[in-house]
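Structural features, examined
If you want the building blocks of each chain, they are given just below.
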Amino acid sequence: MKKVEIVLSSLPMSGGDGPNSYSKNSHLQRRTTSLLKEAIDKLIIEKLDAKTLISGSNNTFRIADLGCATGPNTFFLVDDIIRSVETNLRRSKSTKPEFLVYFNDLPENDFNTLFTSLPRDGSYFAVGVPGSFYGHVLPRSSVHIVVTVAATHWLSSVPKDVVDKSSKAWNKGKVHYSNAAKEVVKAYENQFGRDMGKFLEARAKELVSGGLLVVGMCGIPKGMPFSNLADGIMYTSMAEVLIQMQSKGLITEEQVDTFNIPIYSPSPEEVTFLVEKNGCFTIESMELMNPAAWLKRPMNVEDVRQWMVCIKATMGSLFINHFGDHVLDEIFDRLTVKLVGLTEKIESSYREKLMMFFALKRK
Ligand SMILES: C[S@@+](CC[C@H](N)C(=O)[O-])C[C@H]1O[C@@H](n2cnc3c(N)ncnc32)[C@H](O)[C@@H]1O
């Protein structure tokens, strides 16, 4: 069997601003951003020596949002950060700096939509930075705050072994490590370890000493099986839908067996280990938050539909690149019907501490 490596450069969110676009269907991610607002504000006010940082940088304060997508969530996030930095500086009676914001995402991201919807109030200068955040994307010792929301659970690629027929981690007939063999879980965990290691190395180069790295991403309590989560139920259903479609001859067995979603939810303990291994940061905050009841109790059919529209806008291109765009709607229509029939199971899934927030300070 041909080895298939899905690299993340093939994963842009749905571009434009049409009804199926990411910009119109990113309210799940927006909840993450709103939830983080208070924590980020507190962090900036209490832990950042903004006065010293701007005095060493020609009165320019530099912020980077990594994995910004097409907006608008990134704009809310950047505005909140700028307001918190201004509050911090007012308290230390410093002059107002100029702000420069780097918007980073993969090169295939729809930067046109991002920049055409950029707020034009002149509160900051904006720069687009195409490239993977698993590499070095910004000048050395140049940024004061790096933030990334709902992005670093995307791995740089599908772990190689899960698509290798001769490996114990071959993930036949499944699309994720949820409900999969322990070797598959390990392969994903190892891939995350390598990726987060590179991510931290790159940020250590780019942040100035005293600068902050703020991350909001999917997380999970240590030891909890992913299959306990609503997303776990979704991935199992996705695999079932693909197998049904294979039996109808709409897609091939090889396509099903080589399709895996490169998303991983780490525990705070795993991230702490990787940060300590890197050695360039102090941990200012590391916690799992409750992403709130984004699926209401009791759930209705519309909740499931909305959930699937968001997932399609976020993951659609993965399916298109692998199966072709002619089957995308059918996959998601079938998946929606299947999940509507599983609302009770989804309601009783674990939904509490699934959002990881961590903040690091560059030593
Ligand atoms: C779910 S979106 C979140 C976007 C935005 N931060 C928000 O909260 O709405 C994840 C984004 O991360 C980007 N991304 C994933 N992996 C990346 C990588 N290695 N380098 C840069 N961007 C990446 C994706 O292209 C996508 O735009």
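Small disclaimer: the values here were computed from a predicted structure and weren't measured.

1. Overview of the environment of Val 340
Following the sequence through the fold, Val 340 ends up in helix H10 (residues 328–340). Given a relative accessible area of 26%, Val 340 falls into the partly exposed group. When residues no more than four places from it in sequence are discounted, the contact partners of Val 340 are Val 301 and Val 304.

2. Notes on the sheet that holds strand E2 (residues 98–105)
Ordered in space as E3-E2-E1-E4-E5-E7-E6, the seven strands form an open sheet in which the pairing is mixed. The open sheet has two free edges, formed respectively by strand E3 (125–130) and strand E6 (281–289), since each of these has just one partner strand. Neighbour-to-neighbour, the strand axes of the sheet open up by a mean angle of 15°, direction not taken into account. On the sheet, helix H5 (residues 182–206) packs against strand E1 (60–66), strand E4 (143–149), strand E5 (207–218), E6 and strand E7 (355–362) and is oriented at approximately 150° with respect to E5.

3. Section: unusual backbone geometry
The omega angle of the peptide bond from Gly 71 to Pro 72 is 0°, so this bond is cis rather than trans. Relative to the elements of secondary structure, Pro 72 occurs in the loop between E1 and helix H3 (73–91). Phi is positive for Ala 69, which is not a glycine, with a value near 60°. The exposure class of Ala 69 is buried, given its relative accessible area of 5%. Even without glycine at this site, Ser 141 takes up a positive phi of about 40°. The residue Ser 141 is located in the loop between E3 and E4 in this model.

4. A closer look at H10
Between its terminal C-alpha atoms H10 stretches 18 Å, which fits the 18 Å expected from 13 residues at 1.5 Å a residue. Among the residues of H10, those classed as buried are Leu 328, Ile 331, Phe 332, Leu 335, Thr 336 and Leu 339. On an axial view of H10, the arc spanned by its buried residues comes to 130°, and they lie on one face. For H10, the secondary structure elements touched by its buried residues are helix H6 (230–247), helix H9 (301–323) and helix H11 (343–347).

5. Looking at the pattern of salt bridges
Counted by the stated rule, this structure contains 14 salt bridges. Ionic pairing is found between Asp 257 and Lys 172, a salt bridge with its closest N-O pair at 2.8 Å. Pair noted here: Asp 257 is in helix H7 (residues 253–257) and Lys 172 is in the loop between E4 and H5, with a separation of 85 residues, a long-range link. Residue class for Asp 257 comes out buried when judged on its relative accessible area of 3%. For Lys 182, the salt bridge identified is with Glu 183, shortest N-O distance 3.6 Å. With relative accessibility at 66%, the residue Lys 182 sits in the exposed group. The exposure class of Glu 183 is partly exposed, given its relative accessible area of 28%. Within the structure, one salt-bridge network assembled from shared partners comprises Lys 37, Asp 80 and Arg 83.

6. Observations regarding the packing of H9 against H10
Interhelical geometry of H9 versus H10 gives an angle of 145° and a closest axis separation of 9 Å. Once H9 is placed against H10, the crossing between them reads as right-handed. The residues of H10 that touch H9, namely those facing Val 301, Val 304, Arg 305, Trp 307, Met 308, Ile 311, Lys 312, Gly 316, Phe 319, Ile 320 and Phe 323, are Leu 328, Asp 329, Ile 331, Phe 332, Leu 335, Thr 336, Leu 339 and Val 340. Of the residues contributing to the contact of H9 with H10, the split by class is 14 nonpolar, two polar and three charged.

7. Some thoughts on the pairing of E3
On a regular strand, one side chain projects to one face of the sheet and the next to the other, so that they alternate. Taken together, the six bridges between E2 and E3 define a ladder with parallel strand orientation. By the bridge assignment for E3, Tyr 102 is matched with Val 127. For the handedness criterion, the β-α-β arrangement of E2, helix H4 (residues 111–116) and E3 is classed as right-handed.

8. What to know about the packing of aromatic side chains
Enumeration according to the criterion identifies 17 aromatic pairs in this entry. Their ring planes at 55° and their centres at 5.0 Å tell us that Phe 259 and Phe 323 sit as a pair that is tilted. Here Phe 259, found in the loop between H7 and helix H8 (268–278), pairs with Phe 323, found in helix H9; they are 64 residues apart in sequence, far enough to count as distant. Assessed through its relative accessible area of 5%, Phe 323 is described here as buried. Ring centres of Phe 319 and Phe 323 lie 6.3 Å apart, and the angle between their planes is 25°; on these two criteria the pair is classed as stacked. Of this pair, Phe 319 and Phe 323 both sit in helix H9, four residues apart, which is roughly one turn of the helix. For the pair Phe 319 and Phe 323, one class covers both residues: buried. Sitting over the ring of Phe 199, Arg 203 keeps its end group 4.7 Å from the ring centre.

9. Some points on the confidence of the model for the chain
Scored by pLDDT, the chain comes out at a mean of 91, with 90% of its residues at no less than 70. Segment residues 1–10 is flagged for pLDDT under 50; beyond a separation of four residues in sequence, or across chains, it makes 29 contacts in the model.

10. Re the state of the cysteines
Enumeration over the complete set of coordinates arrives at zero disulfides. There is no disulfide at Cys 68, and the cysteine sulfur nearest it, in Cys 310, is 18 Å away. Lacking any disulfide linkage, Cys 218 is separated from the closest cysteine sulfur, that of Cys 310, by 13 Å. A relative accessible area of 26% means that Cys 218 is categorised as partly exposed.

Procedures and definitions
- Residues numbered from 1 in each chain as written.
- Predicted model: local features only at pLDDT ≥ 70, side-chain atom pairs only at ≥ 80, totals over all residues.
- Heavy atoms only, no water.
- Helix = DSSP H or I, 4+ residues; strand = E, 2+ residues; numbered from the N terminus.
- Buried < 20%, exposed > 50% of the residue type's maximum accessible area, 1.4 Å probe, protein only.
- Contact = heavy atoms within 4.5 Å.
- Pairing = 2+ DSSP bridges.
- Axes fitted to C-alpha atoms, helices over the stretch in contact; angles between N-to-C directions.
- Expected span 1.5 Å × (residues − 1).
- Arc of directions from axis to C-beta.
- Salt bridge = Lys/Arg side-chain N within 4 Å of Asp/Glu carboxyl O.
- Left-handed = near helix turned anticlockwise from the far one by under 90°.
- Nonpolar A, V, L, I, M, F, W, Y, C, P; charged D, E, K, R; others polar.
- Right-handed = clockwise from strand over helix to strand, strands pointing away.
- Phe/Tyr/Trp six-rings, centres within 6.5 Å; stacked < 30°, edge-to-face > 60°.
- Lys NZ or Arg CZ within 6 Å of the ring centre and 35° of its normal.
- pLDDT = per-residue confidence, 0-100.
- Disulfide = S-S within 2.5 Å.

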